[in-house]
Protein chains: 2
Amino acid sequence: MTVSKTAEKSSEKPGDAAKGRKDAAEAQPEALQLGELSEQLGYVLKRAQLKVFENFLRCMASLQLTPAQFSVLLLVEKNPGRNQTEIASTLGILRPNFVAMLDNLESRDLCARIRSTNDRRSHILVLTDKGKAVLTRAKKLVATKHESRLNELLGQANREALLEMLSKIANEF
Amino acid sequence: MTVSKTAEKSSEKPGDAAKGRKDAAEAQPEALQLGELSEQLGYVLKRAQLKVFENFLRCMASLQLTPAQFSVLLLVEKNPGRNQTEIASTLGILRPNFVAMLDNLESRDLCARIRSTNDRRSHILVLTDKGKAVLTRAKKLVATKHESRLNELLGQANREALLEMLSKIANEF
DNA sequence: GATAATTGTTATGGACCATATCAAATATCG
DNA sequence: CGATATTTGATATGGTCCATAACAATTATC
């Protein structure tokens, strides 16, 4: 089911008509049959996810935010006063792996760690002013350039149905 | 948007009632607000994909097949006489990374490389008898234990609609 | 006050992905 | 034909992400 992020090499010249013929001495490449693969949930899900992330990165190129970083900023904004463990765990990120991520966001002055006075072990996470501004711009980019494509592609009703089904899978599968 | 594969540590004791209270001196953990995150296509898509892969691996534990390996076997079965480059590229796997994967399948006698007589550079891929038998069993496991869950969860009609929407995203996003 | 648990952190290894490069074989073209 | 370019499978290598063990500092527990 694996699908890499490689851009298809596109060695096909769209000008040539008559594709798929076999009798001529041409012996064209002849595309493979996906068969049952296109009905496999995991396969289609993975391919879709890669495409969506790819598009997300393009839309956010000006802000240099990955999907993971965007999710951290969103969650910190919505949940002020939480520490690293809490933010990381609700995102499914392991604490050790969250450290470098925060180092990055902090070095770019998007997010700050503050020693908690209640529990001096933990670091309270907050967005900096720049972080808030960047997040605001990021949200607009995502809404206008990224999520909007879903509506164009599926329509509003289907888009909502899709999100709901995916959430159900994520929570109950 | 990142979501790791970590199993939630489940430090919650389901026996305790009265969750989410705040007035008592207990000061419970209080779950974070996902906010707009739960509406982000990429976030939900990734979480769903991880859950599906996780379930797939559990269902295939007896056969020790990953989603990627299963997809290779499926594609080789459906397209006999193709070489490594063709199989790998249609799966989005880069040729260099496909080598180790085939080494694995071949060492387990599920798949074989055969030097082509037409073009002695290329290796024709075929399933061994054992590979065919394993694939047959794998298909049954996937159908009865894995894909069937989708029907239970969404219903037949919704399941088909989901697959179609995901394919659309994978192909046209 | 001794022991256990938690928080952030480092180190480390594995899985997956991507690029450059190579030898062998084939294709192309003068 | 023969020189050059291309293709195929393969190796080496680096990057990113994910997972576990271990540690010091701090706090909780008894």
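The structure under discussion appears in the preceding block.
Residues numbered from 1 in each chain as written. Chains lettered and ligands numbered in written order. Predicted model: local features only at pLDDT ≥ 70, side-chain atom pairs only at ≥ 80, totals over all residues. Heavy atoms only, no water.

1. Quick notes on the interface of chain B and chain A
Piece 1. Chain B puts 69 residues into the contact, and the matching count from chain A is 69 residues.
Piece 2. For the pair chain B and chain A, the two sides together bury roughly 6,600 Å², of which 66% comes from carbon and sulfur.
Piece 3. Between the two partners, chain B and chain A, sit two salt bridges.
Piece 4. Where K139 of chain B meets E36 of chain A, a salt bridge forms, and the shortest distance between an N and an O atom there is 2.8 Å.
Piece 5. Applying the counting criterion to the chain B and chain A interface returns ten residue pairs in polar contact (both at pLDDT 80 or more).
Piece 6. Among the secondary structure elements, those contributing two or more residues to the side of chain B that touches chain A are α1 (41-59), α2 (67-78), α3 (84-90), α5 (129-154) and α6 (156-172) of chain B.
Piece 7. The biggest single contributor to the side of chain B that touches chain A is α1 of chain B, with 14 residues.
Piece 8. The residue inventory of the side of chain B that touches chain A, partitioned by class, reads 35 nonpolar, 18 polar and 16 charged. (Contact = heavy atoms within 4.5 Å. Buried area = accessible area lost by both parts, 1.4 Å probe. Salt bridge = Lys/Arg side-chain N within 4 Å of Asp/Glu carboxyl O. Polar contact = N/O pair within 3.5 Å; in protein donor to acceptor, adjacent residues only side chain to side chain. Helix = DSSP H or I, 4+ residues; strand = E, 2+ residues; numbered from the N terminus. Nonpolar A, V, L, I, M, F, W, Y, C, P; charged D, E, K, R; others polar.)

2. Details of the relation of the copies chain B and chain A
Piece 1. It takes a turn of 180 degrees to lay chain B on chain A, together with a shift of 0.0 Å along the axis; the resulting RMSD is 0.1 Å. As the rotation angle and translation indicate, the two copies are arranged about a two-fold axis. Relative to the rotation axis, the closest C-alpha in chain B is found at L162 of chain B, a distance of 3.3 Å.
Piece 2. When the interface residues of chain B are mapped onto chain A, 100% of them are again interface residues, pointing to one common binding face. (Least-squares fit on C-alpha atoms with pLDDT ≥ 70 in both.)

3. What to know about the packing of aromatic side chains
Piece 1. Inspection of the entire model under this criterion finds two aromatic pairs over all chains.
Piece 2. The interplanar angle of 55 degrees and the centroid separation of 5.6 Å between the aromatic rings of F56 of chain A and F70 of chain A together place this pair among those described as tilted. Linking F56 of chain A in helix α1 (residues 41-59) with F70 of chain A in helix α2 (residues 67-78), this pair joins segments that are 14 residues apart in sequence. Pair check on accessibility: F56 of chain A and F70 of chain A agree, each one buried.
Piece 3. R149 of chain A extends its terminal NZ or CZ atom over the ring of F173 of chain B, reaching a point 5.1 Å from the ring centre. (Phe/Tyr/Trp six-rings, centres within 6.5 Å; stacked < 30°, edge-to-face > 60°. Buried < 20%, exposed > 50% of the residue type's maximum accessible area, 1.4 Å probe, protein only. Lys NZ or Arg CZ within 6 Å of the ring centre and 35° of its normal.)

4. With respect to the pattern of salt bridges
Piece 1. Per the counting criterion, the structure on display carries 16 salt bridges over all chains.
Piece 2. A salt bridge links E147 of chain B to R159 of chain B; the shortest N-O distance between them is 3.9 Å. Taken together, the residues E147 of chain B in helix α5 and R159 of chain B in helix α6 connect sequence positions twelve residues apart.
Piece 3. The exposure class assigned to E147 of chain B is buried, which follows from its relative accessible area of 9%.
Piece 4. The network of salt bridges with shared partners includes E36 of chain A together with E77 and K139 of chain B.

5. A word on the nonpolar core
Piece 1. With 94 residues, the main nonpolar core has L162 of chain A together with L162 of chain B as its most contacted residues.
Piece 2. With sequence-adjacent residues up to four places away left out, L162 of chain A is seen in contact with L150 and L154 of chain A together with L41, L162, M165, L166 and I169 of chain B. (Core = buried A, V, L, I, M, F, W, Y, C linked by side-chain atoms within 4.5 Å.)

6. What about the packing of α2 of chain B against helix α4 (residues 95-107) of chain B?
Residue and element names in this part refer to chain B.
Piece 1. For the pair α2 and α4, the least separation of the axes is 11 Å and the interaxial angle reads 80 degrees. By the angle between their directions, the pair α2 and α4 is classed as roughly perpendicular. Two secondary-structure elements touch here, α2 through A68, Q69, V72 and L73 and α4 through F98, M101, N104 and L105.
Piece 2. For the contact of α2 with α4, the residue count by class is six nonpolar, two polar and no charged. (Axes fitted to C-alpha atoms, helices over the stretch in contact; angles between N-to-C directions. Parallel < 35°, antiparallel > 145°, perpendicular 65-115°, else oblique.)

Function cannot be read off these values alone, since they describe shape.
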